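Overview (structure and organization)
One-letter residues, chain by chain:
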Amino acid sequence: MTTDEKLARSLTSETTELIPFLPYLLQDLWELGMSPRDIIKLIKKHTAIPEGSSVLELACGKGAAAVNIAKEFGTKVYGYDLILEFIEYAGQKAAEWGVEALCRFKTGDANGVVNAENNHGCVIFGAAGDILGNPQETMQKLSGTIKSGGFIIMDATYLPDDMNNGDIGWSYEYLHRGDWLRIFGENNLSLVEEMTEVEEYDFGLEMNSIIKRANELSEKYPDMREMFEGYIRSQQSEVEDLENTLVAGVWLLQKN
């Protein structure tokens, strides 16, 4: 499976044809993924950026977390994403916030980036799905980007113990918490904190924006209407699972 196919699947899309339209569909949203405020809380609480270290963010989207971290801690942040328009926007926001000297944003496949980047003090990864491979491969790759004693901040989304993937509508499988803890241990990682009291997210506002933009695209490209309407349905299903079924939060891990 190609990286584009994995990206499409992580977006609950059935086709990679949607990817070029993502900048338009998500144009009203800066924060894509974990809340920068939640990330900053964890970093402050656990001093999760070793002194003199840099931060790497994979699948950084439009750079909301990276820019906030650079502004808050004065540390260098390296952000990578596949979508050029997102990277360009991240650079604009860094300049707007006065941290352009601290932020380096580049387009890049996360799988290639993890082979080239290393010795960071902290890596942030909030992308859903299997972009970096299965969970075992994902943790191996993330661990390779940080120094000993460094930290991983990642999206913590998993199944309740009494549920299985057949009970939800996602296109990829989720693990239970115990499975994740085993994988952490196998990769010499310790769970420092699981933040479950995360910042409340306004899914309704996000969906209204996505629906508006998808409808505009349907008017402009009527032959692709079914793809855009399918994206709306898949996003609504995703929100429903996040609100009612899956356990969601943020994990802070440390490399032993």
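See the structure printed just above.
Attention here is on the structure that accompanies the text. (Residues numbered from 1 in each chain as written. Predicted model: local features only at pLDDT ≥ 70, side-chain atom pairs only at ≥ 80, totals over all residues. Heavy atoms only, no water.)

**Comments concerning the environment of Leu 42**
Note the cut-off: Helix and strand definitions follow DSSP, with helices as H or I runs of at least four residues and strands as E runs of at least two, each counted in order from the N terminus. What makes two residues a contact is simply this: any of their non-hydrogen atoms within 4.5 Å.
With respect to the helices and strands, the residue Leu 42 is situated in helix α3 (residues 36-46). Separated by 209 residues in the primary sequence, Leu 42 and Trp 251 place their C-alpha atoms 9.0 Å from one another. If sequence neighbours within four positions are ignored, Leu 42 has contacts with Ala 48, Glu 193, Met 195, Val 250 and Leu 252.

**Brief notes about the environment of Ile 19**
Position of Ile 19 among the secondary structure elements: in the loop between α1 (3-10) and α2 (22-25). Distance from Ile 19 to Ile 83, taken between C-alpha atoms, is 8.4 Å for residues 64 residues apart in sequence.

**Here we look at the pairing of strand β5 (residues 146-158)**
To keep it simple, the criterion reads: When DSSP finds two or more bridges between a pair of strands, those strands are recorded as paired. Seen with its strands pointing away from the viewer, a crossover is right-handed if its path from the first strand over the helix to the second goes clockwise.
Relative to β5, strand β4 (residues 120-125) runs parallel, the two sharing 5 bridges. The residue bridging Phe 125 from the neighbouring strand is Met 154, located in β5. With helix α7 (residues 135-143) bridging β4 and its parallel neighbour β5, the resulting β-α-β unit is right-handed. As defined by bridge partners, β5 adjoins strand β7 (residues 247-255) across 8 bridges and the pair is classed as antiparallel. The residue bridging Met 154 from the neighbouring strand is Trp 251, located in β7.

**Here's the deal with unusual backbone geometry**
The residue Thr 47 is not glycine, and still its phi comes out positive at about 45°. Mapped onto the elements, Thr 47 comes out in the loop between α3 and β1 (55-58). The backbone of Ala 59 sits at a positive phi, close to 55°, despite the residue not being glycine. As for its position among the elements, Ala 59 is in the loop between β1 and α4 (64-73).

**Some remarks on helix α10 (residues 225-244)**
Side chains of residues three or four places apart in an α-helix project in the same direction, reflecting 3.6 residues per turn. For clarity, the cut-off: Multiplying one less than the number of residues by 1.5 Å gives the expected span of a helix. A simple rule labels every residue: compare its accessible area, found with a 1.4 Å probe on the protein chains alone, to the largest value its type can have, and call it buried under 20%, exposed over 50%, or partly exposed in between.
Compared with the 28 Å implied by 1.5 Å per residue over 20 residues, the 29 Å span of α10 between its first and last C-alpha is a close match. Looking at α10, one finds that the buried residues are Met 227, Phe 228, Tyr 231, Ile 232, Ser 234, Gln 235, Glu 238, Val 239 and Asp 241. On its buried side, α10 packs onto α2 and α9 (203-220).

**A few points about the packing of α3 against α4**
Inclusion rule: Between N-to-C directions, angles cover 0 to 180 degrees, with each direction set by a line fitted to C-alpha atoms, over the stretch in contact for helices. Each angle gets one of four labels, with under 35 degrees taken as roughly parallel, over 145 as roughly antiparallel, 65 to 115 as roughly perpendicular, and the rest as oblique. Should the near helix be turned counterclockwise from the far one by less than a right angle, the crossing is left-handed, whereas a clockwise turn marks it as right-handed. Here the term charged refers only to Asp, Glu, Lys and Arg, the term nonpolar to Ala, Val, Leu, Ile, Met, Phe, Trp, Tyr, Cys and Pro, and the term polar to all other amino acids, Gly among them.
Across the interface, α3 lies against α4 with an axial gap of 9 Å and an inter-helix angle of 40°. Overall, the two elements α3 and α4 adopt an arrangement that is oblique. Classified by chirality, the crossing of α4 by α3 is right-handed. The segment α3 lies against α4, with Pro 36, Ile 39, Ile 40, Ile 43 and Lys 44 engaging Ala 64, Ala 65, Asn 68, Ile 69, Glu 72 and Phe 73. Among the residues forming the contact of α3 with α4, the class breakdown is 8 nonpolar, 1 polar and 2 charged.

**Here's the deal with the sheet that holds β4**
As summarised here, the arrangement of the 7 strands in space is β3-β2-β1-β4-β5-β7-β6, forming an open sheet in which the pairing is mixed. Edge positions in the sheet fall to β3 (103-107) and β6 (189-195), since each has one partner strand and no second. This sheet shows a mean twist of 20° between the axes of neighbouring strands, independent of strand direction. Taken together, the 5 bridges between strand β2 (residues 77-81) and β3 define a ladder with parallel strand orientation. Paired with Tyr 80 across the two strands is Lys 106, which belongs to β3. Docked against the sheet, α4 engages β1, β2, β3 and β4, running at close to 165° with respect to β3.

**Some points on α3**
Selection rule: Think of a polar contact as two N or O atoms within 3.5 Å of one another; within protein, one of them needs to be a possible hydrogen donor and the other a possible acceptor, and neighboring residues in sequence only count if both atoms come from side chains.
Restricting attention to buried positions, one finds in α3 the residues Pro 36, Asp 38, Ile 39, Ile 40, Leu 42 and Ile 43. Residues of α3 that are buried in the fold lie against α4, β4, β5, β6 and β7. The N-cap residue of α3 is Ser 35: its side-chain oxygen and the backbone nitrogen of Arg 37 are 3.1 Å apart. In the stretch just after α3, Thr 47 is the one whose phi turns positive, near 45°.

**Quick notes on the nonpolar core**
Counted only if it meets this: Put simply, buried Ala, Val, Leu, Ile, Met, Phe, Trp, Tyr and Cys residues joined by side-chain atoms within 4.5 Å make one nonpolar core.
Counting 30 residues, the largest nonpolar core has Ile 39, Ile 43, Val 55, Ile 69, Phe 105, Ile 124 and Ile 153 as its most contacted members. When residues of this core are traced back to their parent elements, those giving at least two are α3, α4, α5 (84-96), β3, β4, β5 and β7. If one sorts the elements of this core by residue count, α4 sits on top with 6 residues. Filtering out sequence-adjacent residues up to four positions away, Phe 105 remains in contact with Cys 60, Gly 63, Ala 66, Val 67, Gly 79, Ile 87, Ala 90, Gly 91 and Ala 94. Core analysis: the next-biggest nonpolar cluster, separate from the first, contains 25 residues, Ile 131, Leu 142, Ile 183 and Phe 184 among them.

Purely geometric numbers; function is a separate question.
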